[in-house]
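# An overview of the molecular structure
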Amino acid sequence: MISVTNLPAQFDVVVIGSGAAGLYAALSLPNHLQVGLITKAKLRTGSSKWAQGGIAAAIAPTDSPDLHFRDTMEAGAGLCEPVAVQFLVNHAPEAIAHLVEMGVAFDRKDGDLAMTLEAAHSRPRVLHSADTTGKAIITTLIEQVLERPNIHVVAQAFALQLWRDGTGHCRGVSILFEHKIQWLTAGAVIVATGGGGQIFAQTTNPTVSTGDGVALAWRAGAQLRDLEFFQFHPTALTKPNAPHFLISEAVRGEGAHLLGFNGDRFAFDYHPAGELAPRDVVSRAIFSYLAENAGDPANAHVYLDLSVIPEEKIRRRFPNIIRMCAEWGVDVFSEPIPVAPAAHYWMGGVATNTACETSIPGLYAIGETASTGVHGANRLASNSLLECLVFAAQLRHLAPTNTTEPLPHPPLLTLDQHWAKESVKVQTIRADLPLLLWQSAGICRERQILTEAIAQVADWQTQLKRMAMAQFLHLEPGQVMQLNHPDAEMEIRLYAEVCNLTDVALLILKSALWRTESRGGHYRTDYPETQSDWQVHTLVEGENLRRSPKLFPG
Ligand code: FAD
Ligand code: SIN
């Protein structure tokens with residue numbers, strides 16, 4: 001492992017993030033390139049490890065990429081990019097074949113890969129490894145990465161800021177690593193920092209999902225897209241003080257029923273497909289049901305009843321869900337699981353093409369950080385792990401340019417201070433922001449509430465920008481800082497994360513206010529209908545929002 005004393009200052013390529021996207025990108029890059037794999041926590045931390053349901057691919061004899069294409073387009077509610085979706089579904093079988101070849105132990109039935117059904121899929125096409133598919137994939141990818149001499153893992157290193165040279169090309173990134181802030185230069189930088197569920201009080205995402213890559217790319221001037229589209233998963237465990245642990249859609253795919261207070265299967269009142277309707281529909285059904293029937297809808301829940309699934313199947317398919325529920329006092333064999341929706345997946349992100357290129361030369365984005373166009377306004381279940389792999393694989397064609405401009409070498413700055421007083425304020429914003437976003441930009445949104453939230457978040461952003469710690473997000477390229485106070489690193493890290501959360505929260509709120517219709521993961525109670533003239537992407541460039549050309553003219 002790399003430490004601050006043997007960290008090279010230059011790589012051919014820097015990959016930021018070690019989820020499925022970052023790990024697979026590092027493995028896909030040509031072997032002759034020296035790759036720095038930067039990750040802000042332990043190597044295996046991120047959403048990928050927690051993925052449960054599985055990974056979609058049309059490989060069953062009864063299935064076809066065309067059907068997978070159709071289902072993905074339909075779930076995306078008019079905002080999918082057909083070229084990107086075609087690319088995804090066509091490359092899915094080879095991505096799966098590579099995982100199997102590397103040793104990922106997917107479940108099998110009679111020797112063949114076993115497949116389950118998930119909501120809005122017209123065929124059972126979700127491959128799984130019990131209910132810990134993400135862990136199985138990540139474990140294998142990490143083993144492969146650690147065997148590759150050209151990949152240099154830099155763990156517990158926090159990416160702070162991207163560097164664009166005089167020509168506008170992205171040439172590197174500053175990192176906070178072992179009490180030092182320094183620059184790593186590279187011919188290309190790949191952002192794979194995952195999603196941003198932590199902007200919401202109720203989320204299935206791990207604590208690292210703070211939208212860092214999207215915020216870094218935005219501050220560097222990259223174009224962002226469709227930020228208002230956030231997917232709320234219908235069934236997260238809801239118990240006082242428990243994390244919003246995901247109860248996989250595969251549980252409903254295997255037949256579990258969603259029940260209201262009187263044991264009624266209320267989901268059918270909202271959609272003919274009931275609990276297997278698209279995710280946004282089921283989440284809104286629960287939200288509406290609770291609004292109509294619960295005394296305190298914000299803290300209420302409905303029930304997921306597994307009693308219709310044979311016990312042996314539950315034990316085989318969902319051992320981790322059984323264990324986690326038991327830990328929080330729920331015996332899934334004798335009682336229904338209390339569930340409610342939680343923020344789960346961010347469809348929006350850094351705009352990219354099928355070669356993972358962003359609007360900044362030399363900057364690439366993959367995985368949940370990217371907006372490739374495959375998910376549109378609402379992601380089809382289990383298409384995300386697939387997207388990570390299919391798009392990261394394209395980086396095998398990457399030929400990074402050499403660094404043409406040398407970095408300046410300003411004198412080393414040694415800092416003895418820390419920022420305890422500012423940190424108290426930063427912690428308060430960290431606690432308050434997700435509650436505000438859950439209320440204002442959660443499952444149902446409305447003009448007045450969005451407007452008030454924008455004012456509050458803008459105020460927090462101004463306060464953060466005025467703090468002394470702001471200097472660390474706007475360093476001169478090449479500047480190296482040694483932090484002598486033991487608390488300084490933690491304080492700067494928290495500050496940077498809260499700035500990222502605030503920046504992306506403000507952009508999400510502004511995008512949600514701007515889009516005066518409802519579509520997929522974006523629902524406005526004051527504009528409940530989908531409007532054909534809004535069949536456009538929301539493009540964010542700096543402070544400006546604009547519409548893309550219409551997706552399907554006429
Ligand atoms: P992540 O796996 O989140 O990895 C991001 C990485 O970036 C982490 O290593 C993190 O530490 C690092 N990082 C972040 N910021 C910085 C920074 N500033 N500096 C350095 N490093 C940084 N999708 C499916 O297709 N099927 C499923 O069954 C499924 N189940 C899911 C279950 C859960 C509970 C969750 C939360 C998501 C699920 N998803 C599923 C969605 C899917 O898991 C994610 O979209 C996908 O794994 C994202 O992968 P990623 O590599 O983009 O990001
Ligand atoms: C789940 O298992 O329900 C999550 C699947 C996904 O998010 O794609």
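Our structure is the block above this text.
Everything numeric in this text was worked out from a predicted model, so none of it was measured. (Residues numbered from 1 in each chain as written. Chains lettered and ligands numbered in written order. Predicted model: local features only at pLDDT ≥ 70, side-chain atom pairs only at ≥ 80, totals over all residues. Heavy atoms only, no water.)

To continue, consider the overall build of the chain. Secondary structure assignment for the chain yields 14 helices and 23 strands. The C-alpha radius of gyration of the chain comes to 23 Å, within 12% of the 24 Å expected for a compact globule of 554 residues. Across its three principal directions, the C-alpha atoms of the chain cover 70 × 55 × 55 Å. Burial analysis of the chain (554 residues in total) assigns 62% to the buried set. Long-range pairs, those at least 24 residues apart, make up 73% of the contacts in the chain with a sequence separation of at least 6. For the chain, the accessible surface area stands at approximately 20,400 Å², while carbon and sulfur atoms represent 53% of it. Charged side chains in the chain number 43 positive and 56 negative. The centres of these two groups are separated by 1 Å. (Helix = DSSP H or I, 4+ residues; strand = E, 2+ residues; numbered from the N terminus. Rg over C-alpha atoms; globule rule 2.2 N^0.38 Å. Buried < 20%, exposed > 50% of the residue type's maximum accessible area, 1.4 Å probe, protein only. Contact = heavy atoms within 4.5 Å. Areas by Shrake-Rupley, 256 points an atom, 1.4 Å probe, with all protein chains shown as cover. Lys, Arg positive; Asp, Glu negative; His and termini not counted. Charge placed at Lys NZ, Arg CZ, Asp CG, Glu CD.)

Within the structure, ligand 2 sits among Gln52, Gly53, His233, Leu246, Ser248, Glu249, Arg279, His344, Arg379, Ala381 and Ser382. Separating an oxygen atom of ligand 2 from a side-chain N or O atom of Ser248 is a distance of 2.6 Å. Between an oxygen atom of ligand 2 and a main-chain N or O atom of Glu249, the distance comes to 2.6 Å. Protein chains bury 93% of the 260 Å² of accessible surface belonging to ligand 2 in isolation. In terms of residue class, the shell around ligand 2 is made up of 2 nonpolar, 6 polar and 3 charged. (Near = heavy atom within 4 Å. Polar contact = N/O pair within 3.5 Å; in protein donor to acceptor, adjacent residues only side chain to side chain. Nonpolar A, V, L, I, M, F, W, Y, C, P; charged D, E, K, R; others polar.)

As a structural note, the neighbourhood of ligand 1 is formed by 39 residues, with Ser48, Gly54, Asp212, Glu368 and Ser384 the closest of them. In this structure, a nitrogen atom belonging to ligand 1 sits 2.7 Å away from a main-chain N or O atom of Gly54. Contact distances for ligand 1 include 2.8 Å between a nitrogen atom and a side-chain N or O atom of Asp212. Relative to its unbound accessible surface of 1,000 Å², ligand 1 loses 98% to contact with the protein. Every element with two or more residues in the shell around ligand 1 is listed here: helix 1 (20-28), strand 2 (35-39), helix 2 (47-50), strand 9 (158-164), strand 16 (337-346) and helix 11 (383-393). Residues of the shell around ligand 1, tallied by class, amount to 15 nonpolar, 20 polar and 4 charged.

On to the packing of aromatic side chains. Taken as a whole and assessed by the stated rule, the structure comprises 12 aromatic pairs. Consider the rings of Phe266 and Tyr270, whose centres lie 6.5 Å apart with planes at 85°: the pair is edge-to-face. Classification of Tyr270 by relative accessible area gives partly exposed; the value is 31%. Each ring, one from Trp514 and one from Trp534, has its centre 5.1 Å from the other, and the planes form 85°; the classification is edge-to-face. Here Trp514, found in helix 14 (residues 488-514), pairs with Trp534, found in the loop between helix 14 and strand 22 (538-541); they are 20 residues apart in sequence, far enough to count as distant. The exposure class assigned to Trp534 is buried, which follows from its relative accessible area of 5%. An aromatic cluster of three or more residues is present, and its members are Phe200, Phe230, Phe232, Trp346 and Trp438. Taking NZ or CZ as reference, Arg379 lies 4.2 Å from the ring centre of Tyr345, over its face. The positively charged end of Arg547 is found above the aromatic ring belonging to Trp534, 3.8 Å away from the centroid. (Phe/Tyr/Trp six-rings, centres within 6.5 Å; stacked < 30°, edge-to-face > 60°. Lys NZ or Arg CZ within 6 Å of the ring centre and 35° of its normal.)

Another aspect to go through is the packing of helix 6 (residues 212-219) against helix 14. Two elements in contact, helix 6 and helix 14, have axes separated by 9 Å at closest approach and are oriented at 75°. One element, helix 6, and the other, helix 14, form an angle in the roughly perpendicular class. On helix 14, the residues touching Asp212, Val214, Ala215, Leu216, Trp218 and Arg219 of helix 6 are Glu497, Cys499, Asn500, Asp503, Val504 and Leu507. Residue composition of the contact of helix 6 with helix 14, grouped by class: 7 nonpolar, 1 polar and 4 charged. (Axes fitted to C-alpha atoms, helices over the stretch in contact; angles between N-to-C directions. Parallel < 35°, antiparallel > 145°, perpendicular 65-115°, else oblique.)

Turning to helix 13 (residues 447-466), a few remarks are in order. When the terminal C-alpha atoms of helix 13 are compared, their 29 Å separation across 20 residues agrees well with the 28 Å that a helix rising 1.5 Å per residue should span. Within helix 13, burial applies to Leu450, Ala453, Ile454, Val457, Trp460, Gln461 and Leu464. The buried residues of helix 13 occupy an angular sector of 135° when the element is viewed end-on, so they sit on one face. Residues of helix 13 that are exposed and point more than 90 degrees away from the buried face comprise Ala455 and Arg466. Buried positions along helix 13 lie against helix 12 (420-441) and helix 14. (Expected span 1.5 Å × (residues − 1). Arc of directions from axis to C-beta.)

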